[in-house]
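Here is what each chain is made of, one letter per residue.
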Amino acid sequence: MGSHPESKDSLPAPVTPAGREALEAILTHPARTVVALDFDGTLAPIVPDPDRARAHPDAVPALAALAPKVASVAVVTGRPAGVAVRHGGFAGVPGLEHLVVLGHYGAERWDAVSGTVTAPAPHPGVAAVRAELPGFLDGIGAWQGTWIEEKGRAVAVHTRRAADPQAAFEALREPLGELAARHGLIVEPGRMVLELRPPGMDKGVALMEYVREAGAEAVLYSGDDLGDLPAFAAVDKLRSDGVPGLLVCSGSSEVAELAERADLVVDGPAGVVRLLAALAARLA
């Protein structure tokens, strides 16, 4: 799927009937709409070092312009909620007083109203995997070019710096899956990254719960990665329940499956930001 060419300020047209219906519902009833967005690759460009990821410079102004016009804006991310808030620059922004960040796939929640993060106790398997992982990677000869990202409630192994990132990624999927299963965890694949985390929570569960909590009658979800597929599936389920949903892919040649399922494909975080700004302008 794709989008029609758009000028800087125009609202791009979804290419599917369901997408067009959802956009019409959003424009007609913005106060009943939830806008939900992934962080890395959607609001923030993908960079080799995730610690250096920052929101696109126009993301916060666009969100602040849009948020007061809709029921709610939520950032749904695999990152710890506090990290996404810092890297996004979301705290204390006029217009974002009611922003919610659902971190660790919804296991953590930051509310701008309180400025605090709420979360359950961490899964013990994460600590066990964290301790075992360096020796495990060394033992299977996968240390060269891979590196471990500490994510608090999860641990991720990146292959983007390897000589052949895709080959390293594929070679690690099965052994990391076995390691995760041994400690009661699952593996979530992403763009040249394999994340070991507790089961039972994904972006689809988080999005569905949040949309129902908000009582939304329309939803927009934008993502860029394999971890966003459950959220796309949640929007499909909401559609079947009569809640119009607009699926936006923050364009990436790395994840064709997401682009094929989207109602609208935009040009990465810059395209997402233009879409948000155009939506805010149309609703003004």
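Cut-offs applied
- Residues numbered from 1 in each chain as written.
- Predicted model: local features only at pLDDT ≥ 70, side-chain atom pairs only at ≥ 80, totals over all residues.
- Heavy atoms only, no water.
- Helix = DSSP H or I, 4+ residues; strand = E, 2+ residues; numbered from the N terminus.
- Rg over C-alpha atoms; globule rule 2.2 N^0.38 Å.
- Buried < 20%, exposed > 50% of the residue type's maximum accessible area, 1.4 Å probe, protein only.
- Contact = heavy atoms within 4.5 Å.
- Core = buried A, V, L, I, M, F, W, Y, C linked by side-chain atoms within 4.5 Å.
- pLDDT = per-residue confidence, 0-100.
- 1 Å grid on protein atoms, 1.4 Å probe; cavity = no way out; pocket = protein on both sides within 12 Å on 5 of 7 lines; lining within 4 Å.
- Points joined across faces, edges and corners; volume = space filled by probe spheres on them.
- Nonpolar A, V, L, I, M, F, W, Y, C, P; charged D, E, K, R; others polar.
- Pairing = 2+ DSSP bridges.
- Axes fitted to C-alpha atoms, helices over the stretch in contact; angles between N-to-C directions.
- Phe/Tyr/Trp six-rings, centres within 6.5 Å; stacked < 30°, edge-to-face > 60°.
- Lys NZ or Arg CZ within 6 Å of the ring centre and 35° of its normal.

Attention shifts here to the overall build of the protein chain. Looking only at helices and strands, the protein chain features 9 helices and 12 strands. A globule of 284 residues ought to have a C-alpha radius of gyration of about 19 Å, and the protein chain, at 19 Å, matches this closely. Based on the C-alpha atoms only, the size of the protein chain along its principal axes is roughly 60 × 40 × 35 Å. Across the 284 residues of the protein chain, 53% fall into the buried class. Partitioning the contacts of the protein chain with sequence separation of at least 6, the portion at a separation of at least 24 is 66%.

Among the nonpolar cores identified, the biggest contains 44 residues, and L43, F90, L96, V101 and L276 are the most heavily contacted of them. Broken down by element, this core gets its largest block of residues, 8 residues, from helix α9 (residues 268-283). Once residues within four sequence positions are removed from consideration, L96 is found in contact with V60, L63, A64, A67, F90 and A112. Among the nonpolar cores identified, the runner-up in size contains 28 residues, and A74, M208, F232 and L258 belong to it.

On average, the protein chain scores 93 in pLDDT, and the residues at 70 or more come to 96%. The low-confidence segment residues 1-8 (pLDDT under 50) makes 19 contacts with residues lying over four places distant or belonging to another chain.

As a volume, the largest pocket reaches approximately 180 Å³. Along its surface, the largest pocket is lined by 13 residues, and H104, A107, R153, P198 and M201 are the ones closest to its centre. Class assignment of the residues belonging to the lining of the largest pocket gives a composition of 9 nonpolar, 2 polar and 2 charged.

This structure, assessed with the given rule, holds 1 cavity of 30 Å³ or more. In this model, the largest cavity occupies a volume close to 430 Å³. Around the largest cavity, the lining comprises 27 residues; the ones closest to its centre are D40, I46, K151, V193 and D225. Of all the elements in the fold, those that place two or more residues in the lining of the largest cavity are β7 (155-158), β8 (186-189) and β9 (193-197). Of the residues in the lining of the largest cavity, the class split is 9 nonpolar, 5 polar and 13 charged.

So, on to the sheet that holds strand β3 (residues 100-103). Within the open sheet, the 8 strands sit side by side as β5-β4-β3-β2-β1-β10-β11-β12. Their pairing is mixed. Strands at the two margins of the open sheet, each flanked by one partner only, are β5 (116-118) and β12 (264-266). Neighbour-to-neighbour, the strand axes of this sheet turn through a mean angle of 20°, independent of strand direction. Two elements, strand β1 (residues 33-37) and strand β10 (residues 218-223), share 5 bridges in a ladder whose sense is parallel. Within β10, the residue paired with T33 across the bridge is A218. Where helix α1 (residues 17-28) meets the sheet, its contacts fall on β1, β10 and β11 (245-250), and the angle it forms with β11 comes to roughly 110°. Taken strand by strand, helix α7 (residues 229-240) contacts β10 and β11, and its axis lies near 160° from that of β11.

Let's shift gears to the packing of aromatic side chains. Applying the stated criterion to the full structure yields 2 aromatic pairs. Here F39 and F90 contribute two aromatic rings whose centre-to-centre distance is 6.1 Å and whose plane-to-plane angle is 85°, an arrangement assigned as edge-to-face. You can see F39 sitting in the loop between β1 and α2 (59-66) and its partner F90 sitting in the loop between α3 (81-88) and β3, a full 51 residues away along the chain. Here the aromatic rings of Y221 and F232 are separated by 6.2 Å at their centres, their planes lie at 85°, and the arrangement is edge-to-face. Of this pair, Y221 sits in strand β10 while F232 sits in helix α7, and the two are 11 residues apart along the sequence. Of the residues examined, F232 reaches a relative accessible area of 0% and is grouped as buried. Its guanidinium or amino end placed over the ring of W147, R161 lies 4.3 Å from that ring's centre, counting from NZ or CZ. In this arrangement the basic side chain of R197 is found over the ring face of Y105, its NZ or CZ atom lying 3.9 Å from the centre.

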